[in-house]
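# Inside the fold
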Amino acid sequence: MTRLVICVLLCVASFVQGGHEKYEGHQLYRVSGLNEQIRKLEATLDVLAATPAARSESGKLEALVRLAPEEKEQWLHYFEKNNMVYTKIADNLAEILRKEEAGIKATKEAAKRSGKSISWDTYYRHDEINDYLDELAEEHPDLVTVINAGLSFEGRQIKYARISSTRFENLMKPVIVIDAMAHAREWVTTPVALYIIHQLVVVAPESQLTQLVDWIIIPVVNPDGYEYSIDEDRLWRKTRSTAHEGADECPGVDVNRNFDHHWGTAPDSANPCSLIYEGPSAFSEAETRVVRSAVESSLQRTSLYISLHSYGNMFLYAWGNNGSLPSNALNLHMVGINMAHAIDEKALDKADRYIVGNAANVLYYTTGTSRDWTRAVGIPLTYTLELPGYEYLFQVPATYVEQIVTETWAGIAVGAQYVLSSW
Ligand SMILES: *[C@@H]1O[C@H](CO)[C@@H](O)[C@H](O)[C@H]1NC(C)=O
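Residues numbered from 1 in each chain as written. Predicted model: local features only at pLDDT ≥ 70, side-chain atom pairs only at ≥ 80, totals over all residues. Heavy atoms only, no water.

## Examining the pattern of salt bridges
Quick reminder of the rule: Each reported salt bridge corresponds to a side-chain nitrogen of Lys or Arg within 4 Å of a carboxyl oxygen of Asp or Glu. Note on conventions: DSSP H or I runs of at least 4 residues are helices, E runs of at least 2 residues are strands, and numbering of each starts at the N terminus. Think of it in three bands: with a 1.4 Å probe and only protein chains considered, a residue is buried below 20% of the maximum accessible area for its type, exposed above 50%, and partly exposed in between.
This model, assessed by the stated rule, comprises 20 salt bridges. With its nearest N and O atoms 3.0 Å apart, the salt bridge here joins Asp268 to Arg39. With Asp268 in the loop between α8 (223–231) and α9 (286–296) and Arg39 in helix α2 (residues 35–44), this pair connects stretches of sequence that are 229 residues apart. Residue class for Asp268 comes out partly exposed when judged on its relative accessible area of 22%. A salt bridge links Arg125 to Glu227; the shortest N-O distance between them is 2.6 Å. With a gap of 102 residues between them, Arg125 in the loop between α4 (93–114) and α5 (126–139) and Glu227 in helix α8 connect regions that are remote in the sequence. Neither Arg125 nor Glu227 differs from the other in exposure class; each is buried. Three or more residues joined by partner-sharing salt bridges are found here, namely Glu24, Glu95 and Arg98.

Below is the structure:
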């Protein structure tokens, strides 16, 4: 018992990361190319993110890629041969990761001293996040129900919050579903999800958005990957499952390629070692199935689904598999623009303006995404929301969390208002 108490005091508060040494000497390059060229890189390289290129190279994409010392020459040669313009933007990734860790450690200690159950200027471990959800449900039983939605591959409890002033029993209300941390390394997505819960439950429980809308919010879809990205490998993206052929060498599946929508039709996603491995079958991952069951639980009245990702300042909508537009594309675009606008208004001056568009047109083709699957099963408004990374990519310093959660809430609130007024 005593040991447990000591561990609660010491272990929970710590945020000791591991594995940075494997990135000693790894460099980051920004490389631009045609959409197809960039998409191909994703199959073989660690592409940290892709975004539309700056105006001078309009029509092209820009990818941020990590090059290990031993593969660098070969890839730079490849870029040159293929007319892909590149610039080096960081010399030693391990150093960047060590700085990030030191920054988080400092904010973590400050947050602990503040005595608040949650702060918007640091990052939390999965068990702390689960505890926070349980605490909210205990304090606000009239509004919050925590659903134990299932176990991750490694046995962690995936929880989500159902927020409703009518216990999900009033079937006349619209539902909004939001998920975060499908991709492990995209840490800032979870605070955004938690902040939405906080706004609805703690800050404005009497607001229309709380009283007249039912919400399903999944703050950590992929807890195994998240914990692994803290303890072992900051750049981990996929789940930690080992149920597929080739898993010894390359464990894990990309949750956002594992949904049953044109699953299995993209050769690049069939390789277990690629960053975008789709898994041995659609919905092979426990984590993906949690999202599926959460979405299916109130499908008839769900109007809006947003999957939070990092980074790139984009609202992306269907169809990612072929670039054609769903029948309600005009609406998707308009609501996306309105949300983007509300965020841009509150963003820092140095932030990139949001881009709203069809996923395949803005970036490139994708299969098995939650955005396309949720649209296909009948939710009218579904988006992948790529949050801002500033110059930090997805290693957003803890000191930026508050800015990102508040500006993003402004956008989500506009989307929710639209749902309410058009219901
Ligand atoms: C593109 O994919 C969507 C979703 O599966 C489908 O409904 C649509 O018919 C396809 N469009 C074309 C032009 O193939």
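## With respect to the site of the ligand
Put simply, the rule reads: Residues are counted as near a molecule or strand when any one of their heavy atoms sits within 4 Å of it. What qualifies as a polar contact is a pair of N or O atoms within 3.5 Å, subject to a donor-acceptor requirement within protein and to the restriction that residues adjacent in sequence count only when both atoms come from side chains. Per-residue and other accessible areas were derived by the Shrake-Rupley procedure at a 1.4 Å probe size, with only the shown protein chains allowed to occlude residues.
In the vicinity of the ligand, the contacting residues are His261, His262, Trp319, Asn321, Asn322 and Ser324. Within the side chain of Asn321, a nitrogen or oxygen atom sits 2.9 Å from an oxygen atom of the ligand. Burial of the ligand by the protein amounts to 45% of the accessible area it has alone, namely 360 Å².

## Description of the packing of helix α10 (residues 329–346) against helix α13 (residues 401–422)
Counted only if it meets this: Under this scheme, a helix contributes an axis fitted over its contacting stretch, all axes are lines through C-alpha atoms, and angles between N-to-C directions fall in the 0 to 180 degree range. Crossing handedness follows the turn of the near helix against the far one: under a right angle anticlockwise gives a left-handed crossing, and clockwise gives a right-handed one. A contact between two residues is defined here by any heavy atoms of the two lying within 4.5 Å. All amino acids are sorted into three groups, where Ala, Val, Leu, Ile, Met, Phe, Trp, Tyr, Cys and Pro are nonpolar, Asp, Glu, Lys and Arg are charged, and the leftover types, Gly among them, are polar.
At a minimum axis distance of 8 Å, the contact between α10 and α13 shows a crossing angle of 145°. Crossing of α10 over α13 shows right-handed handedness. For the pair formed by α10 and α13, the contact residues are Asn331, Met334, Val335, Asn338, Met339, Ala342, Ile343 and Lys346 on the first element and Gln403, Thr406, Glu407, Thr408, Ala410, Gly411, Val414, Gly415 and Tyr418 on the second. Class assignment of the residues belonging to the contact of α10 with α13 gives a composition of eight nonpolar, seven polar and two charged.

## Looking at the side chain of Arg240
Cut-off, in case you're wondering: His is not counted, nor are the chain ends; Lys and Arg add positive charge and Asp and Glu add negative charge.
Looking at where Arg240 falls in the secondary structure, it is placed in the loop between α8 and α9. Notably, Arg240 is buried but unbridged: the nearest opposite-charge side chain belongs to Glu154, and the N-O separation is 4.2 Å. What Arg240 contacts, discounting residues up to four positions off in sequence, is Phe153, Glu154, Asp224, Gly225, Tyr228, Pro251 and Gly252.

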